[in-house]
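# Structural features, examined
Each chain is listed here by its residues.
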Amino acid sequence: MAATQNTSPQEDEIDLRELLGTLVDHKWLIGIITGIFFVLSVGYAVLGTPIYEADALVQVEQKVPDLPGLSAITQTLGASSSEATTEIALITSRTVIGKAVDDLNLQIEVAPYHFPIFGGWVSRHFVPDQPADVASPLLGFSRYDWGNAKLDIFQMKVPASLEEKKLVLVAGEHGNYTLYYSGDVMLTGRVGDVATGHGFTMQVRELRANPGTHFTVIHHTALAVINQLQLDINATEQGKDSGIIQLTYDHEDSDLAAALLDHVSQAYVKQNVERNSAEAANSLKFVREQLPRIRQDLDNAQSALNAFQTKAHSVDITLQTKGLLDQEVAIETSIQQLRMQQADMERRFTGEHPAYKALLEQIGQLQAQKTGIEKQVGGLPDTQQELLRLTRDVEVLNATYTGLLNQAQQLDIARAGTVGNVRIIDQAAVDISKPAKPKKPLVVLGGTFLGGFLAVGFVLLRQMLSRGVEDPTAIEQLGLSVYASIPSSVAEKQSFLQGRRGRTDGRQKLLAVNAPADLAIEALRSLRTSLHFARIEAKNNILMISGASPGAGKTFISSNLAAVIAKGGQRVLLIDGDMRKGALHTVIGGRPDKGLSELISGQLTVEDVIRTVPDAEGLHFIARGKVPPNPSELLMHARFSELLETLKPDYDLVIIDTPPILAVTDAAIMGHHVGTSLLVIRFGLNQAKEIALAKQRFEQNGVQIKGAVFNAVERRSTGYYSYGYYEYGSSPA
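What follows deals with the overall build of the protein. Looking only at helices and strands, the protein has 25 helices and 20 strands in total. Here the protein holds 733 residues, and 43% of them are scored as buried. Relative to all contacts within the protein whose residues are 6 or more apart in sequence, the contacts with residues 24 or more apart total 79%. Looking at the protein as shown, the accessible area adds up to about 38500 Å², and 53% of this sits on carbon and sulfur atoms.

With an omega of -10 degrees, the peptide bond between Lys437 and Pro438 qualifies as cis. Among the secondary structure elements, Pro438 is positioned in the loop between strand S12 (422-430) and helix H13 (440-466). Within the chain, Asn148 stands out as a residue other than glycine whose phi angle is a positive 75 degrees. For Asn148, the position within the fold is in the loop between helix H7 (119-124) and strand S3 (150-157). Located in the positive-phi region is Lys594, a residue other than glycine, with phi close to 55 degrees. In this fold, Lys594 is placed in the loop between helix H19 (584-588) and helix H20 (596-600).

Take the packing of helix H17 (residues 519-534) against helix H18 (residues 554-567) next. One can describe the packing of H17 onto H18 by two numbers: an axis separation of 9 Å at closest approach and a directional angle of 75 degrees. Relative to H18, the element H17 is oriented roughly perpendicular. Where H17 approaches H18, its residues Ala520, Ile521, Leu524, Arg525, Leu527, Arg528 and Leu531 are matched on the opposing element by Phe556, Ile557, Asn560, Leu561, Val564 and Ile565. Residues belonging to the contact of H17 with H18 are distributed by class as follows: 10 nonpolar, one polar and two charged.

Our next topic: the pairing of strand S18 (residues 653-657). S18 sits mainly inside the fold: five of its five residues count as buried. As paired strands, strand S14 (residues 542-547) and S18 are joined by four bridges and run parallel to one another. Directly across from Ile542, in S18, lies its bridge partner Val654. As defined by bridge partners, strand S15 (residues 572-576) adjoins S18 across five bridges and the pair is classed as parallel. Bridged to Leu573 within S18 is Val654.

A separate point is the environment of Ala259. Tracing the backbone through its elements, the reader meets Ala259 in helix H9 (residues 254-311). Between the C-alpha atom of Ala259 and that of Ala54, which follows or precedes it by 205 residues, the distance is 8.9 Å.

Turning to the pattern of salt bridges, a few remarks are in order. Applying the stated criterion across every chain, the model contains 11 salt bridges. Among the salt bridges present, the one from Glu206 reaches Arg208, with a minimum N-O distance of 3.0 Å. Within this structure, Lys150, Glu206 and Arg208 form a network of salt bridges that share partners.

Taken as a whole and judged by the stated rule, the model has seven aromatic pairs. Each ring, one from Phe115 and one from Phe118, has its centre 5.1 Å from the other, and the planes form 45 degrees; the classification is tilted. Phe115 sits in the partly exposed class, given a relative accessible area of 22%. Between the aromatic rings of Phe683 and Phe710, the centroid separation amounts to 5.9 Å while the plane-to-plane angle is 50 degrees, which identifies the pairing as tilted. Pair noted here: Phe683 is in the loop between strand S19 (676-682) and helix H25 (688-700) and Phe710 is in strand S20 (residues 707-713), with a separation of 27 residues, a long-range link. Of the two residues, Phe683 and Phe710, neither departs from the other in class, the shared state being buried. The structure contains a cluster of three or more aromatic residues connected by ring pairs, namely Phe115, Phe118, Phe141, Tyr144 and Trp146.

Listed as buried for helix H23 (residues 638-647) are Phe640, Leu643, Leu644 and Leu647. All buried residues of H23 project into a common sector of 95 degrees when viewed along the axis, lining one side.

Here the focus is the sheet that holds strand S9 (residues 214-219). Two strands in a sheet stick together by hydrogen bonds in their backbones, pointing the same way (parallel) or opposite ways (antiparallel). If you trace the five strands from one edge of the open sheet to the other, you get S2-S9-S4-S5-S6, paired in antiparallel fashion. Unpaired on one side and paired on the other, strand S2 (108-112) and strand S6 (184-190) mark the two borders of the sheet. Between one strand axis and the next, the sheet turns through 25 degrees on average, direction left out of account. Across six bridges, strand S5 (residues 176-181) lies against S6 in antiparallel orientation. Each bridged residue has a counterpart across the sheet, and for Tyr181 the counterpart in S6 is Asp184.

Residues Ile475, Ile575, Ile622, Ile656, Leu679, Phe698 and Phe710 are the most contacted members of the largest nonpolar core, which totals 42 residues. Residues Ala523, Ala534, Leu543 and Ala616 belong to the second largest nonpolar core, which totals 40 residues.

Between two packed helices, the angle of one axis relative to the other and the distance separating the axes together describe the packing. It is the contact of helix H6 (residues 94-104) with helix H8 (residues 222-232), at a shortest axis distance of 10 Å, that shows an interaxial angle of 115 degrees. Judged on the interaxial angle alone, H8 and H6 are roughly perpendicular. Once H6 is placed against H8, the crossing between them reads as right-handed. Where H6 approaches H8, its residues Arg94, Ile97, Gly98 and Val101 are matched on the opposing element by Leu223, Val225, Ile226, Leu229 and Gln230. Partitioned by chemical class, the residues of the contact of H6 with H8 number six nonpolar, two polar and one charged.

Turning to the sheet that holds S18, a few remarks are in order. What the eight strands build is an open sheet, ordered S13-S20-S19-S14-S18-S15-S17-S16; its pairing is mixed. A strand with exactly one partner marks an edge of an open sheet, and here the two such strands are strand S13 (482-487) and strand S16 (611-612). Seen against the sheet, H17 touches S13, S14, S19 and S20 and runs at an angle of roughly 170 degrees to S13. Strands S14 and S19 of the sheet are contacted by H25, whose axis makes an angle of about 160 degrees with S19.

Relative to the assigned elements, Leu460 resides in helix H13. Under the relative-accessibility criterion, Leu460 is labelled partly exposed at 30%. For the pair Leu460 and His26, spaced 434 residues apart in sequence, the C-alpha separation works out to 9.8 Å. Ignoring any residue separated from it by four or fewer positions in sequence, one finds Leu460 in contact with Leu19 and Leu23.

So, about the environment of Asp518. Considering the arrangement of structural elements, one finds Asp518 in the loop between helix H16 (511-514) and H17. Overall, the relative accessible area of 18% leaves Asp518 in the buried class. Each C-alpha atom, one on Asp518 and one on Ser489, is 7.7 Å from the other, the two residues being 29 residues apart in sequence. With sequence-adjacent residues up to four places away left out, Asp518 is seen in contact with Ser489 and Leu511.

Taken together, Phe38, Val39, Val42, Val46 and Trp121 make up a surface patch of nonpolar side chains, about 410 Å² in accessible area. If one sorts the elements of the nonpolar patch by residue count, helix H3 (residues 27-47) sits on top with four residues. Relative to the elements of secondary structure, Trp121 occurs in helix H7. On the accessibility criterion, Trp121 (32% relative accessible area) is partly exposed.

Conventions we followed
Residues numbered from 1 in each chain as written. Predicted model: local features only at pLDDT ≥ 70, side-chain atom pairs only at ≥ 80, totals over all residues. Heavy atoms only, no water. Helix = DSSP H or I, 4+ residues; strand = E, 2+ residues; numbered from the N terminus. Buried < 20%, exposed > 50% of the residue type's maximum accessible area, 1.4 Å probe, protein only. Contact = heavy atoms within 4.5 Å. Areas by Shrake-Rupley, 256 points an atom, 1.4 Å probe, with all protein chains shown as cover. Axes fitted to C-alpha atoms, helices over the stretch in contact; angles between N-to-C directions. Parallel < 35°, antiparallel > 145°, perpendicular 65-115°, else oblique. Nonpolar A, V, L, I, M, F, W, Y, C, P; charged D, E, K, R; others polar. Pairing = 2+ DSSP bridges. Salt bridge = Lys/Arg side-chain N within 4 Å of Asp/Glu carboxyl O. Phe/Tyr/Trp six-rings, centres within 6.5 Å; stacked < 30°, edge-to-face > 60°. Arc of directions from axis to C-beta. Core = buried A, V, L, I, M, F, W, Y, C linked by side-chain atoms within 4.5 Å. Left-handed = near helix turned anticlockwise from the far one by under 90°. Patch = residues over 30% accessible without salt bridge, like charges linked within 9 Å, V, L, I, M, F, W, Y side chains within 5 Å.

It is worth stressing that arrangement in space is one thing and function is another; only the former is reported here.
Right, dumping it as structure tokens:
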């Protein structure tokens, strides 16, 4: 048999109206959080340390091939004419950056102490009358730099164990200083002198500061500085295959940023020149080694040709042979040049290199062409064949020798005047009028947006995690009738907080007496009417008011409901049944002692504990008494039942404020003696599972909950929680 599953589409859909209502309800919280982020963003934009960007421009030109034919091979391989990709790796190499680190002494990091938050801003905006003037300490804080302090360390060596550790240098008088580590003195010295001690060696070139000013000193390892600079220096090619490389570097010290890029670019150009000069020298050496051999071969070929012509009585080459000779000379010359390149490439590449394989392929193609011509030559007379062969050898060797001479001259000139294929187009420069960071409009806008986003996320997340009941229909779905929805009021919240914190001055704080026109009191009057009909079939005139968990507001409901009913002309007795943490006395007034615990234990009589309530005629009150060690056992004593039987005839209604049922079992014990039981549920606090568990706990103990009071209901933008109380209230006279 097929089972039918009923699902509600609304359970799986997002209620945009409810989400929007939640955001509107918490608009002040969202606004405050967003405002805080806005203020912090503005503060950071104004007080944050400005970061300046230095930039330089370098051009990488295409290299001229060392030997003829190499450019054709490069084109055959499909290689890009731009060498920028390789050069970017070279310009950010450890060799190049390491040279700049050494030249600028970047292993030593120095920074003066600045007063938190705004000290750096004050220091940056100090304008000295003279270049060497230092700002006077503000408010006596001499350990901080307030403007124009400077520490320049010429050389520094530290023990290996203290590399990357924070050291503190304190300026003294007359150029003296002291270096500390973890509070211990490492060495003392004077500007210009070499100071040693505890494995330290340091020489300070310049110290400009007030006595007592602190400086942070860190000696980094060279590799750590280089690795960080490799990440910080940005090298990018401007346009595809343009060969134009832009270098950028950000730092708070604009002079240091520009100096670093200058040193990097100059070290890179120098390295490029040295590299190209070495390549030219190696190629020149190879060419000069080949010249004597080619010259000897040329002489031998010329001698052989002359001897043959003499022997053959000056045989001339026919027109057909001349054509074959020209073709064979051109092919053989190309083969000889490629063989030269092959010998040169064998010194630099392996046999598996793509360029080397391409070279062999070209040689193979030319050999095939040469074989075809040799077949044609084979059909000539023997005399013509020999003359063609000898003439070919002379012309090929002569062309090869001439080419090598030209190549040697070119390489010799290149070696002597190498300028490299890299040049600096724009020296490093910094625009100090426009810091690269922080971008103030972007920071303020982004910070404000982030604050708003986090505020909205916090509100929605809290709403999702709390899942407190905010709709009376959710309570009714649990099987509890909602007798009244009590709107939240400022006075009620104050009473709630005071009750939780245990604050009391002994005075009466009944809202029903002090503010009878409050909306919450109007709602309690409707609860009074509902209870009148609900108690018709009750077994007695005792009303128990409990809650699922602390903080629901049952004390407020109990006390003010009692006052409202008493003002209706009935005699009401209010009992604080929470002998553990009862707080009814904070609302009614007076002290908690001489109450229910003493009455049940037989220490006092009814006449000793019943109190009248000022300005609430007909209302009487029994406090909780001293906190006993066994509240539950006292309630189970027969004297408690006898007490209620004694009090019932003297009052129209007896209201007992009990502890939360999920906290202790006291409410379940008292529930057996009452005629009507109400459960107070606080708006947005008590969850549906919590309410269901409280109802189940009562039922397991044989106590039937008559209904619920929905307390501290707040206005919601969706509009279905107000129930008219917010729109219709008493106007002040």
